[in-house]
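# Architecture and fold: a report
As a plain string of letters, each chain reads:
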Amino acid sequence: MSSSFVNTVYRRAPSCASLLNRVVIHRTAASAAPLAASPVTPESLINEQRSQSKESKDHEKTKQERLSPSAKPKKELQTSTSFVMNLFRGEFYPNELFPYPNVLNEEQRENVKMFIDPLWKFFEEKNDAAKNDQQGKIPDDIMNGLKEQGAFGIQVPVEYGGLGLTNTQAARLFEIASAHDLSISVCMGAHQSIGFKGIVLFGTEAQKKKYLEKLASGEQIAAFALTEPSAGSDVASIKTKAQLSSDGKHYILNGSKIWISNGGIAEVFTVFAQVPTVDDKTGQTQNKMTAFIVERKFGGLTNGAPEKKLGINSSNTTEVYFEDCKVPVENVLGGVGNGFKVAVKILNNGRFSMVAGLSGTMKMAIRKSIDFAKNRRQFGRTIDTYGNVQEKLVRMEMRQYITESLAYLLAQNMDRGIPEYQCEAAVGKIFASESAWFVLDEAIQIHGGMGFMKATGLERVMRDLRIFRIFEGANDILRLFVAFTGLQYVGAHLRELQQAVKSFNFNAIVGEGSKRLRRGIGMAAGPNINEHIHSSLHSSGTLLSKSIDQFGATIEQILIKYGKSIRDEQFIVHRIGDVVIDIYAMAAGLSRCTQSFTSQVPTAVHESNLVRIWCEEAYDRINYNLNLIQNPAFVARSKLMTELAREIVDKESTVPIHPLGF
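Note that the structure is a prediction, hence the values are computed from the model and not measured.

### Some thoughts on the overall build of the protein chain
The secondary structure content of the protein chain amounts to 20 helices and 10 strands. Taking all 662 residues of the protein chain together, 50% fall into the buried category. Across the protein chain, contacts joining residues at least 24 apart in sequence account for 76% of those joining residues at least 6 apart. Accessible area of the protein chain: about 32,300 Å², with a carbon and sulfur share of 53%.

Dropping the structure here:
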């Protein structure tokens with residue numbers, strides 16, 4: 001994940017920064033009166049003439065190259081429209097955030113509203129999440145009821161038998177499912193958010209016609225088969241093989257997958273395997289990761305017993321085995337060798353549903369906590385009147401508000417056709433899963449002993465939630481992914497900027513040079529956020545502006561200091577990820593709250609107070625982390641922790657001797 005950009009990009013970063021600094025100093029000195037003249041000596045004149053002669057020759061060479069008919073046109077500096085990616089350059093790209101998107105027309109709003117009440121009523125009156133958890137199975141009548149409501153084909157186009165809802169509309173329904181039963185939400189998500197999503201995104205017309213109608217109706221259940229015993233986060237290292245048959249009509253699939261949601265009930269699987277392919281140039285055999293649509297009825301596909309899990313007990317999770325499973329060549333999904341691209345696209349595309357769903361889970365826990373706090377009396381008062389509980393409720397709502405803002409920002413941007421959202425989706429998944437855990441923990445604490453009891457229902461939800469920080473991209477890995485993706489982008493930009501300096505691209509030099517000059521003399525170089533947000537939020541907007549500028553400057557310094565070795569500095573990279581999450585969350589909250597003021601939403605003032613608290617505290621965390629990663633004492637502690645970890649691993653236990661000596 002981090003290896004693609006660490007070879008040449010960072011090696012050039014220091015020289016690029018040096019060149020820019022020289023350019024800025026040169027331009028500033030040239031336009032100002034000399035403060036002190038250097039003594040003129042024969043040696044200095046000779047050196048100056050040599051320098052000018054060299055510069056003249058270099059300039060003439062560059063000019064000739066530029067004017068030559070055969071000269072290749074200089075490439076413009078590559079840019080991304082992603083808000084998160086540009087944070088790493090200290091840049092503010094507002095188009096994806098401001099104003100907060102509002103993509104649903106009136107017909108679409110009314111359409112999704114038709115599904116909300118029946119689905120809510122179904123979960124309230126028909127489904128018993130606690131009973132499902134105890135039995136370890138979603139009852140058939142519940143599955144059939146969901147199928148009747150179209151819940152297994154929410155985003156399948158109408159022409160293929162689905163509801164044809166947009167990402168934004170679908171997000172609203174996933175909120176309801178996740179508020180009531182996370183096991184059912186996982187089953188639904190494993191089926192359509194990732195299970196057959198590849199067919200929707202990459203399938204041929206023939207594949208869509210063959211599979212989507214039965215999948216949308218729930219007649220067939222789908223599963224996503226990627227994870228293997230030796231390949232978790234490192235998906236490119238999968239071992240399952242797909243060998244082309246001698247007649248060229250089938251791929252023979254052999255291998256196994258683990259922890260597959262819906263693995264024991266699915267009829268259709270999106271399976272990832274390595275296809276041995278002979279390179280035409282070298283004659284060597286290379287493995288190419290490829291996606292396949294595999295049916296259980298093909299034969300050679302079996303599954304193990306349902307796994308015994310900490311949570312989401314009524315969702316089906318099994319191992320899946322392939323033994324000489326014959327898959328028709330027409331069931332290749334997205335082309336041979338494109339499996340990694342297909343897998344990443346599916347996972348990125350499906351993350352909005354998790355973020356939206358978990359915002360619903362949090363809202364449920366908050367409602368329960370409010371009801372309990374209003375009625376629980378201690379020391380002559382209801383506990384909602386005590387500051388300790390009040391702070392918990394506010395922080396719970398604040399987390400839910402930001403998660404909801406991220407969810408519908410992501411879903412609506414996807415509906416707008418925004419092409420780059422992989423980092424934003426990863427940030428949303430991290431924030432939502434960690435916030436949901438925080439909210440449930442606080443909800444249990446507010447309930448006290450009652451929160452620990454099964455009857456309250458919170459302990460089941462907390463057990464269910466633990467997996468969300470692990471599956472569909474472990475949060476630890478996603479933090480590194482976001483950070484390394486941004487660092488790669490900055491590295492590429494610095495490399496291009498170095499080239500621009502060499503060829504004297506005036507606009508690029510002035511733009512970057514002036515920014516560094518403003519920073520160097522203490523002038524604010526941050527973007528003007530306040531022109532995009534409501535006036536009551538300007539103090540928070542100023543904090544966001546400062547955070548973006550400080551982050552960009554720090555990233556540049558980190559690259560200059562560490563170069564390509566940044567890939568090995570996970571103590572630092574992890575905290576870079578934390579800063580990105582805080583900045584993006586600030587921006588999402590400010591954008592949504594501004595939209596609430598613009599639309600005259602009656603809760604706008606309440607929202608603004610939540611956002612104010614969030615931004616002020618996030619700004620403090622950002623400053624702390626940016627200072628920390630440049631602090632020599634932190635670097636020393638990180639190295640010490642590496643040494644301590646080695647000692648712990650070597651001993652295969654804790655190292656200190658017991659205080660009793662035995």
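### A short note on the packing of helix 18 (residues 570-598) against helix 20 (residues 632-651)
Between helix 18 and helix 20, whose axes approach to 10 Å, the crossing angle comes to 120°. Of the possible angle classes, the one that applies to helix 18 and helix 20 is oblique. In this structure, helix 18 contributes Phe-571, Ile-572 and Arg-575 to the contact, and helix 20 contributes Phe-634, Ser-638, Met-641 and Thr-642. A class-by-class count of the residues in the contact of helix 18 with helix 20 yields four nonpolar, two polar and one charged.

### Re the packing of aromatic side chains
Going through the model one piece at a time under the given rule, you end up with nine aromatic pairs. When the centroid spacing of 5.1 Å and the interplanar angle of 65° are considered together, the rings of Phe-88 and Phe-551 count as edge-to-face. One end of the pair, Phe-88, is in the loop between helix 3 (83-87) and helix 4 (106-125); the other, Phe-551, is in helix 17 (residues 538-562), with 463 residues separating them in the sequence. Of the two residues, Phe-88 and Phe-551, neither departs from the other in class, the shared state being buried. Their ring planes at 55° and their centres at 5.8 Å tell us that Phe-92 and Phe-98 sit as a pair that is tilted. The exposure class assigned to Phe-92 is buried, which follows from its relative accessible area of 12%. Accessibility expressed as a relative area gives 8% for Phe-98, which makes it buried. Linked through ring pairs, Phe-83, Phe-92, Phe-98 and Tyr-584 together constitute an aromatic cluster.

### Some remarks on the packing of helix 7 (residues 167-180) against helix 11 (residues 339-375)
Closest axis-to-axis distance for the helix 7/helix 11 pair is 7 Å, and the angle between their directions is 40°. Relative to helix 11, helix 7 is oriented oblique. The hand of the helix 7/helix 11 crossing is right-handed. Every residue of helix 11 that contacts helix 7 at Asn-167, Ala-170, Ala-171, Phe-174, Glu-175, Ser-178 and Ala-179 is listed here: Phe-352, Ser-353, Ala-356, Gly-357, Leu-358, Ser-359, Gly-360, Thr-361 and Met-364. Split by residue class, the contact of helix 7 with helix 11 holds eight nonpolar, seven polar and one charged.

### Digging into the nonpolar core
Ranked by internal contacts, the top residues of the largest apolar core, which has 131 residues, are Phe-88, Leu-146 and Phe-551. Every residue in contact with Leu-146, bar those within four places of it in the chain, is listed here: Leu-119, Phe-122, Phe-123, Ala-151, Phe-152 and Ile-184. Among the nonpolar cores identified, the runner-up in size contains 25 residues, and Phe-196, Tyr-211, Ala-216 and Phe-272 belong to it.

### Section: the pairing of strand 7 (residues 317-328)
As paired elements, strand 3 (residues 250-261) and strand 7 share nine bridges and run antiparallel to each other. Its bridge partner being in strand 7, Lys-257 is matched across the sheet by Val-320.

### Structural notes on the state of the cysteines
Per the stated rule, a full pass over the model turns up zero disulfides. No disulfide involves Cys-615; its sulfur sits 9.3 Å from the nearest other cysteine sulfur, which is in Cys-593. Take Cys-615: its relative accessible area is 0%, and that puts it in the buried class.

### Observations concerning the confidence of the model for the protein chain
For the protein chain, mean pLDDT is 88; residues scoring 70 or higher make up 84% of the total. The low-confidence segment residues 1-56, where pLDDT is below 50, has 49 contacts with residues more than four positions distant or belonging to other chains.

### Remarks on the side chain of Thr-270
In this fold, Thr-270 is placed in strand 4 (residues 268-278). From its side chain, Thr-270 meets the backbone oxygen of Gly-195 in a polar contact 2.7 Å long. Setting aside residues no more than four positions away along its own chain, Thr-270 makes contact with Gly-195, Phe-196, Ala-223, Phe-224, Ala-225, Phe-292, Leu-333 and Ile-346.

### Comments concerning the side chain of Ser-261
Mapped onto the fold, Ser-261 is located in strand 3. Excluding its chain neighbours within four sequence positions, the residues that come into contact with Ser-261 are Val-186, Ala-190, Ala-223, Asn-316 and Thr-317.

### A word on the pattern of salt bridges
Counting across every chain of the model gives 19 salt bridges. Salt-bridge contacts for Glu-110 lead to Lys-113; the nearest nitrogen and oxygen are separated by 3.6 Å. Taken together, the residues span about one helical turn, with Glu-110 and Lys-113 both in helix 4 at a distance of three residues. The exposure class of Glu-110 is partly exposed, given its relative accessible area of 39%. Judged by its relative accessible area of 47%, Lys-113 is partly exposed. Salt bridges linked by common partners bring Asp-133, Lys-454, Glu-459 and Arg-463 together as one network.

### What to know about the pairing of strand 1 (residues 222-225)
Taking every second residue as pointing to the same face, both faces of strand 1 are buried, with Ala-222 and Phe-224 on one and Ala-223 and Ala-225 on the other. Bridge count between strand 1 and strand 4: four bridges; the pairing is parallel. For Ala-222, the partnering residue across the bridge sits in strand 4 and is Val-268.

### Notes on the environment of Arg-395
Its location among the elements puts Arg-395 in helix 12 (residues 387-415). Once residues lying within four places of it in the same chain are set aside, the contact partners of Arg-395 are Phe-438 and Glu-617.

The rules behind these values
- Residues numbered from 1 in each chain as written.
- Predicted model: local features only at pLDDT ≥ 70, side-chain atom pairs only at ≥ 80, totals over all residues.
- Heavy atoms only, no water.
- Helix = DSSP H or I, 4+ residues; strand = E, 2+ residues; numbered from the N terminus.
- Buried < 20%, exposed > 50% of the residue type's maximum accessible area, 1.4 Å probe, protein only.
- Contact = heavy atoms within 4.5 Å.
- Areas by Shrake-Rupley, 256 points an atom, 1.4 Å probe, with all protein chains shown as cover.
- Axes fitted to C-alpha atoms, helices over the stretch in contact; angles between N-to-C directions.
- Parallel < 35°, antiparallel > 145°, perpendicular 65-115°, else oblique.
- Nonpolar A, V, L, I, M, F, W, Y, C, P; charged D, E, K, R; others polar.
- Phe/Tyr/Trp six-rings, centres within 6.5 Å; stacked < 30°, edge-to-face > 60°.
- Left-handed = near helix turned anticlockwise from the far one by under 90°.
- Core = buried A, V, L, I, M, F, W, Y, C linked by side-chain atoms within 4.5 Å.
- Pairing = 2+ DSSP bridges.
- Disulfide = S-S within 2.5 Å.
- pLDDT = per-residue confidence, 0-100.
- Polar contact = N/O pair within 3.5 Å; in protein donor to acceptor, adjacent residues only side chain to side chain.
- Salt bridge = Lys/Arg side-chain N within 4 Å of Asp/Glu carboxyl O.

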